[in-house]
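# Topology and contacts: notes
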Amino acid sequence: MKTTLTILFAWTLSFTAQAQDDDITDIVAVYLAAKLHQDSIDQSNIVVVYKYSCKTFDADKKQMTDSIRMALQVGSHSTRFYPYHKYKEDTEDVDYFTPENYTTVQSDALCHIPEVWTNYPEGKMTVRDIIPPSHYESNEDLERPTWTVWEQDTLTIKGYRCKTARCEFHGLGWTVRFTEDIPAIAGPWKLGGLPGLVLEAESKDGIHHFIMEGMENVRTPVFYEHNAITKKVAEKKLIENRNKIFGNKLYPKNPMYYTDIRALSNTEDIIYYERGNGELSTIINGAFICSKAHVFQPLEK
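All figures in this text were calculated on a predicted structure; none of them were measured in a lab.

### Re the overall build of the chain
The number of helices and strands found in the chain is five helices and 17 strands. Counting every position in the chain, which comprises 301 residues, the buried fraction comes to 51%. Long-range pairs, those at least 24 residues apart, make up 60% of the contacts in the chain with a sequence separation of at least 6.

Structure representation (structure tokens):
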């Protein structure tokens, strides 16, 4: 029997909105501490912050742009790409289940960007993603895009001279700008393998866009998270499941259309809580669930 908590603060006037969110922060922190532990697998030489943007629609077909900040830790032999708010939590002990970070956590759920470790284990790419209520992880041979490079410098980004490269990767065409001034064969998501750091990447259809916002020369531990709930799966199967479930036409109006949340209480850890504005939110196995979503735009097919 798993844990199910219902926190409906509207039942009492003795709680303020801040107290409500403080309580949920404590509950989630206890949950995560019980489920996770981290190993340091490398030390970063640089940390790059990207803004990822995705053009999409809401359930009423209104144009939307979802965005989230992502961190790329580039170490001596591996990289980790994951949400910037999680990086801040790792390095500065920042809690992100708080009122001021609500929009950030919601963006995390809307953008569907998996966490990616390259060359961990050696010669492998590890990808971790959430399809509620389950956490999944694939571990495959490290695959790099096949790039066509334009040799001339084409533009400058944040003061770095860049070259342009193009590829077709997992069903989408990509154009990227990379700089040999930073000799790291790394980039956002899975877009690495060039003789310099990728500073910008855009899909051919114009839907997906990564742009570097900043970079620090900082030594921070590159963590790999172990937990008791992640299921191992082949990368191809993970992509198929993600696209099938999130790509369903029912998803924008009802993100959990494919399962009965109430029935999950026998097998999963669920927290229901009502925010100060009366909105009911759900956290399943530590993952925030949006009450409504946007049309899913796959990064790979």
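### Observations regarding the nonpolar core
In terms of nonpolar packing, the biggest core is built from 53 residues, with Phe 81, Trp 174, Trp 189 and Leu 197 touching the most fellow members. The element that contributes the greatest number of residues to this core is strand β2 (residues 36-57), accounting for five residues. Once you skip the residues sitting within four places of it in the chain, Trp 189 turns out to touch Phe 81, Pro 114, Val 116, Phe 169, Trp 174, Phe 210, Leu 299 and Glu 300.

### Thoughts on the pairing of strand β8 (residues 148-157)
Remark: a regular strand shows side chains that alternate across the two faces of the sheet. Sheet topology note: the β8/strand β9 (residues 160-169) ladder contains seven bridges and is antiparallel. Counted as the bridge partner of Trp 150 is Thr 164 from β9. Connecting β8 to the next strand, β9, in antiparallel fashion are two residues, including Lys 158 with a positive phi near 55°.

### Considering the confidence of the model for the chain
Counting all residues, the mean pLDDT for the chain is 84, and 79% of those residues have values of 70 or more. Predicted confidence for residues 1-24 stays below pLDDT 50, and this span has 47 contacts to residues more than four positions away or in other chains.

### Description of the environment of Trp 150
Along the chain, Trp 150 turns up in strand β8. As a C-alpha pair, Trp 150 and Ala 165 span 15 residues in sequence and 6.0 Å in three-dimensional space. With sequence-adjacent residues up to four places away left out, Trp 150 is seen in contact with Lys 163, Thr 164 and Arg 166.

### Comments concerning empty space enclosed by the protein
All told, the structure shown has six cavities of 30 Å³ or more when counted by the stated rule. Each pocket or cavity is described by its volume, and for the largest cavity that value is around 90 Å³. Going through the elements one at a time, β2 and α3 (102-111) are the ones with two or more residues in the lining of the largest cavity. Broken down by class, the residue content of the lining of the largest cavity amounts to eight nonpolar, three polar and one charged. Size it by volume and the second largest cavity reaches roughly 70 Å³. Taken together, 14 residues form the lining of the second largest cavity, with Thr 79, Thr 118, Arg 144, Gly 187 and Trp 189 sitting closest to its centre. Within the residue set of the lining of the second largest cavity, elements represented by two or more residues are β4 (79-83) and β5 (115-118). Residue contributions to the lining of the second largest cavity peak at three residues, all from β4.

### So, the side chain of Thr 175
Looking at the secondary structure, you find Thr 175 in strand β10 (residues 172-179). Overall, Thr 175 belongs to the buried group, its relative accessible area being 19%.

### Looking at the packing of aromatic side chains
Scanning all chains against the criterion turns up twelve aromatic pairs. With centroids separated by 5.9 Å and ring planes inclined at 80°, the aromatic side chains of Phe 169 and Trp 189 adopt a geometry described as edge-to-face. Residue Phe 169 is located in strand β9, and its partner Trp 189 is located in the loop between β10 and β11 (197-203); the two are separated by 20 residues in the primary sequence. As far as burial versus exposure is concerned, Phe 169 and Trp 189 are alike and both buried. Cluster of aromatic residues (ring-pair linked, three or more members): Tyr 50, Tyr 52, Phe 81, Phe 169, Trp 174, Trp 189 and Phe 210. Stacked on the ring of Tyr 84, the Lys or Arg Arg 69 has its end atom at 4.6 Å from the ring centre.

### Some points on the pairing of strand β6 (residues 124-131)
Among the eight residues in β6, six count as buried, and that is most of the element. Here four bridges tie β5 to β6, and the two strands are oriented antiparallel to one another. Paired with Val 116 across the bridge in β6 is Val 127. Judged from the eight bridges that link them, β6 and strand β7 (residues 134-141) form a sheet pairing that is antiparallel. Counted as the bridge partner of Ile 131 is Ser 134 from β7. The loop that links β6 with its antiparallel partner β7 comprises two residues.

### Some remarks on the pattern of salt bridges
Scanning all chains against the criterion turns up 17 salt bridges. Between Asp 129 and Arg 242 there is a salt bridge; the shortest N-O distance is 2.7 Å. One end of the pair, Asp 129, is in strand β6; the other, Arg 242, is in helix α4 (residues 235-246), and 113 residues separate them in sequence. Residue Asp 129 is classed as buried on the basis of its relative accessible area of 9%. The shortest N-O distance in the salt bridge between Glu 300 and Arg 242 comes to 3.3 Å. Highlighted residues: Glu 300 in the segment after β17 (287-289) and Arg 242 in helix α4, separated in sequence by 58 residues.

Cut-offs applied
Residues numbered from 1 in each chain as written. Predicted model: local features only at pLDDT ≥ 70, side-chain atom pairs only at ≥ 80, totals over all residues. Heavy atoms only, no water. Helix = DSSP H or I, 4+ residues; strand = E, 2+ residues; numbered from the N terminus. Buried < 20%, exposed > 50% of the residue type's maximum accessible area, 1.4 Å probe, protein only. Contact = heavy atoms within 4.5 Å. Core = buried A, V, L, I, M, F, W, Y, C linked by side-chain atoms within 4.5 Å. Pairing = 2+ DSSP bridges. pLDDT = per-residue confidence, 0-100. 1 Å grid on protein atoms, 1.4 Å probe; cavity = no way out; pocket = protein on both sides within 12 Å on 5 of 7 lines; lining within 4 Å. Points joined across faces, edges and corners; volume = space filled by probe spheres on them. Nonpolar A, V, L, I, M, F, W, Y, C, P; charged D, E, K, R; others polar. Phe/Tyr/Trp six-rings, centres within 6.5 Å; stacked < 30°, edge-to-face > 60°. Lys NZ or Arg CZ within 6 Å of the ring centre and 35° of its normal. Salt bridge = Lys/Arg side-chain N within 4 Å of Asp/Glu carboxyl O.

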